[in-house]
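Structural features, examined
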Amino acid sequence: LSKKQRLGKCCLLFSPVNHIDFTVTPLCCPSRSSILTGQYPHNHGVRNNSVSGNCSSIQWQKDPETEAFPVYLSKLKYQTFYAGKYLNQYGKKDGEGVSHVPPGWDHWHALVGNSQYYNYTLSVDGKEEVHGDSYEKDYLTDLIANRSLNFLENRSPQHPFFLMLSPPAPHSPWTAAPQYQKEFSNVKAPRDGSFDKPGKDKHWLLRQPVNPMPSSSLDYLDNAYRKRWQTLLSVDDMVEMLVKKLESIKELDNTYIFYTSDNGYHTGQFSLPIDKRQLYEFDIRVPLMVRGPGIKPKQTLQAPVLNIDLAPTIMDISGVDLSTVNVDGQSFLSQMAPSLRNGTVRPFFLVEYTGEGHPTTDPACPKLGPGLSQCFPDCVCEDAFNNTYACVRTLDGKTDLQYCEFADTESFVEVYNLTSDPHQLENVLKKTDPAILQAMNQRLIKLQSCEGDSCRDVK
């Protein structure tokens, strides 16, 4: 994100500010929708990765998408560029197909459907572009990098620019570039923290995996872990090329760079082989590094930042009056660059998720019955219709508590004190002062129905 008016000198090369960052929902499509709109899922309406869950649906396109942050950048004459995965159901016939280009984007190179590295289709400014399996022509991470470099080379120097690059890595099917397919041959998933610990006092979905994990599950997750690392090497290359390009066109000191993800991922925690969708730190914590004008290097900011804060922060940098936009998040520019902005931090925030399941029994796991999905080796299922929950997190510098309620027949509740139990090994519901539980419940109720300012002012 470039600034037309220079705000100050950039930080040192490769010395960004780090943030404690959370996604407000641990799944691709609703999380990306939150990044684009700055809204919680209960406000933008995207519940999961399906069209019926509002992922890139007609309803999404007619309402929340028209208020996404690129629309505001475009009004300020930003030159906008998108390349890579957009939303999981983007480009499908249920949502106007590849001809649909979301408002606000001048240059559009969006993947049709979910993550692929080869043999995919792009919507290029609304026209279908089919790709095969040639590394030089088609490997998607490299294609995104090359087209972004071309955009920077040919942009108009009279106007600021914004690029959003969304490579598939490290999403499955974990196809590394040929030169990286033998890297990390001895790497295994970390065996620390909650790795392969039983989820004995947790929601039923966490109680069903075999513990300890069988060797077949361990082999599967270690292989996935290595391949994920291999795919990220091409992302490293992309970042390096972009930084060098910005330097060569003399825009590096005038550009904000955000590096983040849409959700976390687990590899063996609580004996769950691989996936996301859970309420725990490993699925809701995401990386966030930022560098740019006014930001001092090598900082780690302790106040929590949410993915719904990205849109208002980007708009704040570009000069949008945030009082005129409908967002639940808040700009964190004041945290990164206090010399440029004043601001406050939030003590509470919401994490919410709507579970997905299949109406019929998975034939590979008949004993588990219907209503489940994402079943991996040894019949460990990662999601279900009643894996639907909402959590309030208190993270104010003194207290680090998480309180979660499930929408299921048990009305199951999980409570964690992450100050004393950072790996969330023990559900302390029965040990927690009832007054604290009541206060957390009331905050959760307010957050689940909040909109705009009320999401930032919960007491």
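Computed from a prediction, not measured in an experiment: that's the story for all the values here.

**Section: the sheet that holds strand β14 (residues 389-395)**
Spatial ordering of the open sheet is given by β11-β14-β15-β16, a layout of four strands whose pairing is antiparallel. Either end of the sheet is taken by a strand with one partner, and the two such strands are β11 (348-353) and β16 (413-417). Each strand of the sheet is rotated relative to its neighbour by a mean of 15°, with strand direction disregarded. Examined bridge by bridge, β14 and strand β15 (residues 400-406) share seven bridges and lie antiparallel to one another. Counterpart to Arg393 in the pairing with β15 is Gln402.

**Side note on the sheet that holds strand β6 (residues 161-166)**
For sheets, the rule is that strands pair by backbone hydrogen bonds, running either parallel or antiparallel. Spatial ordering of the open sheet is given by β5-β4-β3-β2-β6, a layout of five strands whose pairing is mixed. In the strand order of this sheet, the two ends are held by β5 (127-130) and β6, each with one partner. When the angles between neighbouring strand axes are averaged without regard to direction, this sheet yields 15°. Two elements, strand β4 (residues 121-124) and β5, share four bridges in a ladder whose sense is antiparallel. Considered in β5, the bridge of Val124 is made with Lys127.

**Points about the UniProt feature "modified residue: 3-oxoalanine (Cys)" (unreviewed entry) in the protein**
Those residues carrying the UniProt feature "modified residue: 3-oxoalanine (Cys)" (unreviewed entry) are Cys28 in this numbering. In this structure, Cys28 sits in helix α1 (residues 28-37). A relative accessible area of 1% means that Cys28 is categorised as buried. If sequence neighbours within four positions are ignored, Cys28 has contacts with Asn49, Lys85, Asn88, His171, Asp262, Asn263 and Lys276.

**A look at the pattern of salt bridges**
A pair can form between side chains of opposite charge whenever their charged atoms are brought close. Taken as a whole and assessed by the stated rule, the structure comprises 18 salt bridges. Close ionic contact of Lys244 with Glu240 constitutes a salt bridge, the shortest N to O distance being 3.0 Å. Taken together, the residues span about one helical turn, with Lys244 and Glu240 both in helix α8 (residues 215-248) at a distance of four residues. Of the charged contacts, one joins Arg393 and Glu281 as a salt bridge, the two residues approaching to 2.7 Å between their closest N and O atoms. Of this pair, Arg393 sits in strand β14 while Glu281 sits in helix α9 (residues 281-284); the two residues are 112 residues apart in sequence, bridging distant segments of the chain. Among the residues examined, Glu281 registers a relative accessible area of 14% and is labelled buried.

**Re the nonpolar core**
Ranked by size, the top nonpolar core spans 47 residues in total, and within it Tyr40, Leu279 and Tyr403 carry the most contacts. With residues up to four places along the chain from it excluded, the contact list for Tyr403 reads Ala390, Cys391, Val392, Val413, Glu414, Val415, Leu437, Met440, Asn441 and Leu444. The next biggest cluster of nonpolar side chains, apart from the first, holds 40 residues, and it includes Trp108, Leu288, Val290 and Val325.

**A short note on the confidence of the model for the protein**
Atom-level detail of predicted coordinates should not be read off regions where pLDDT is low. On average, residues of the protein score 93 in pLDDT, and 97% of them are at 70 or above. Counting contacts from residues 4-14, a segment whose pLDDT is below 50, to residues more than four positions away or on other chains yields 31 contacts.

**Thoughts on the side chain of Arg155**
By the secondary structure assignment, Arg155 is in the loop between α6 (140-154) and β6. Given the relative accessible area of 14%, Arg155 is considered buried. For Arg155, the contacting residues outside a window of four places in its chain are Gln79, Phe161, Ile249 and Glu251.

**A closer look at the UniProt feature "domain: Sulfatase N-terminal" (unreviewed entry) in the protein**
Under the local residue numbering, the UniProt record ascribes the feature "domain: Sulfatase N-terminal" (unreviewed entry) to residues 23-320. In residues 23-320, helix accounts for 32% and strand for 14%; the two terminal C-alpha atoms are 23 Å from one another.

**So, the packing of aromatic side chains**
Applying the stated rule across the entire model yields 25 aromatic pairs. Ring geometry for Phe69 versus Phe162: centroids 5.3 Å apart, planes at 85°, classification edge-to-face. Taken together, the residues span a long stretch of sequence, with Phe69 in helix α4 (residues 69-75) and Phe162 in strand β6 at a distance of 93 residues. Residues Phe69 and Phe162 agree in their burial class; the two are buried. Ring plane angle 75° and centroid distance 6.3 Å describe the contact between Phe258 and Phe332, whose orientation is recorded as edge-to-face. On the criterion of sequence distance, the pair formed by Phe258 in strand β7 (residues 257-260) and Phe332 in the loop between α10 (310-318) and α11 (333-336) is long-range, its members being 74 residues apart. On the accessibility criterion, Phe332 (1% relative accessible area) is buried. Chaining the aromatic ring pairs together yields one cluster made of Phe69, Tyr82, Tyr86, Tyr90, Trp105, Trp108 and Phe162. The positively charged end of Lys75 is found above the aromatic ring belonging to Tyr72, 5.2 Å away from the centroid. Between Arg228 and the ring centre of Tyr265, over which it is positioned, the NZ or CZ distance is 3.8 Å.

About the criteria used
Residues numbered from 1 in each chain as written. Predicted model: local features only at pLDDT ≥ 70, side-chain atom pairs only at ≥ 80, totals over all residues. Heavy atoms only, no water. Pairing = 2+ DSSP bridges. Helix = DSSP H or I, 4+ residues; strand = E, 2+ residues; numbered from the N terminus. Axes fitted to C-alpha atoms, helices over the stretch in contact; angles between N-to-C directions. UniProt positions renumbered as here; feature names shortened; annotations may be inferred. Buried < 20%, exposed > 50% of the residue type's maximum accessible area, 1.4 Å probe, protein only. Contact = heavy atoms within 4.5 Å. Salt bridge = Lys/Arg side-chain N within 4 Å of Asp/Glu carboxyl O. Core = buried A, V, L, I, M, F, W, Y, C linked by side-chain atoms within 4.5 Å. pLDDT = per-residue confidence, 0-100. Phe/Tyr/Trp six-rings, centres within 6.5 Å; stacked < 30°, edge-to-face > 60°. Lys NZ or Arg CZ within 6 Å of the ring centre and 35° of its normal.

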